[in-house]
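Geometric and topological summary
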Amino acid sequence: MTESVTVLYTAHGKATGGREGTASAGNQNLKLSTPKELGGAGGDGTNPEELFAMGYAACFIGALKAVGAGQKIAVPADTHIESSVGIGKISHGFGITVELKISLPGLSPEVADKLINDAHQVCPYSNATRGNVDVKLSRI
């Protein structure tokens, strides 16, 4: 059973045409292209995996900042995450994998690792994927 969410904000988006169409949300209007590796032509559009990778990275930095504030740890301004989202076949369709390479310059490895692990427990993307998606976290 899933835990009830007290909604504070709701984002709205729209997609038309699938992986070869368009997607929009707020003031963003994006062209979509299917990667060659998935049988598409490639092209200059983005794809759902890239959008997920950007969203997860940005959200995880927010979780790092929230956890850091609670633990009186200043998250460096130049913190960044290199995120990768893979897609491939599973027994009943397709699945994804996630890798987050997290840079917390200036923090000791011990402090950075604790902050990363604690952020992984509160990040909404981490909570949404936990138990369903292989998520690999590493410090760079």
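Just so you know, the residues in each chain are numbered from 1, in the order the chain's sequence is written. Where local features are concerned, this predicted model is filtered to residues with pLDDT of at least 70; where side-chain atom pairs are given and counted, the filter is 80 or more; whole-chain, interface and lining totals use all residues. Side-chain numbers here rest on the full set of heavy atoms in the structure, without hydrogens or water.

Patch membership requires over 30% relative accessible area and the absence of a salt bridge. Like charges are linked within 9 Å, and nonpolar side chains (Val, Leu, Ile, Met, Phe, Trp, Tyr) within 5 Å. Accessibility throughout is a Shrake-Rupley quantity obtained with a 1.4 Å probe, and a residue counts as covered only by protein chains that appear here. A pair is scored as a salt bridge if a Lys or Arg side-chain nitrogen falls within 4 Å of a carboxyl oxygen belonging to Asp or Glu. On the surface, a nonpolar cluster with roughly 260 Å² of combined accessible area is contributed by Leu38, Ile87 and Phe94. Under the scheme used here, helices are H or I runs from DSSP no shorter than 4 residues and strands are E runs no shorter than 2 residues, and both carry numbers assigned from the N terminus. With respect to the helices and strands, Leu38 occurs in the loop between strand S3 (28-31) and helix H1 (48-70).

This part takes up helix H2 (residues 109-122). Here a helix's expected span is defined as the number of its residues, less one, multiplied by 1.5 Å. Spanning 14 residues, H2 covers 20 Å between terminal C-alpha atoms, matching the ideal 20 Å at 1.5 Å per step. Whether a residue is buried, partly exposed or exposed follows from its accessible area with a 1.4 Å probe, protein chains only, as a fraction of its type maximum: under 20%, in between, or over 50%, in that order. Of all the positions in H2, only Ala112, Leu115, Ile116, Ala119 and His120 are classed as buried. Along the long axis of H2, the arc covered by the buried residues comes to 135°, so they all point the same way. The directions considered for the arc run from the helix axis to the C-beta atoms.

On to the domain arrangement of the protein. The accessible area lost on association of the parts is a frequent measure of interface size. All the domain ranges listed were derived from an automatic or database domain assignment. The domain architecture assigned to the protein consists of domain 1 (1-46) and domain 2 (47-139). Averaged C-alpha coordinates put domain 1 and domain 2 at centres separated by 20 Å. In this complex, domain 1 contributes seven residues to the contact, which on the side of domain 2 involves six residues. Surface buried jointly by domain 1 and domain 2 totals about 550 Å² across both partners, of which 61% is contributed by carbon and sulfur atoms. Sorting the residues of domain 1 by area buried against domain 2 places Arg19, Leu38 and Thr46 first, and these three jointly supply 70% of that buried surface. Connecting domain 1 to domain 2 are one salt bridge. For Arg19, the salt bridge identified is with Glu49, shortest N-O distance 2.5 Å. Contacts were defined at the residue level, with two residues in contact if any of their heavy atoms lie within 4.5 Å. Accessible area, probed at 1.4 Å, shrinks when two parts are joined; the buried area is that loss added up over both.

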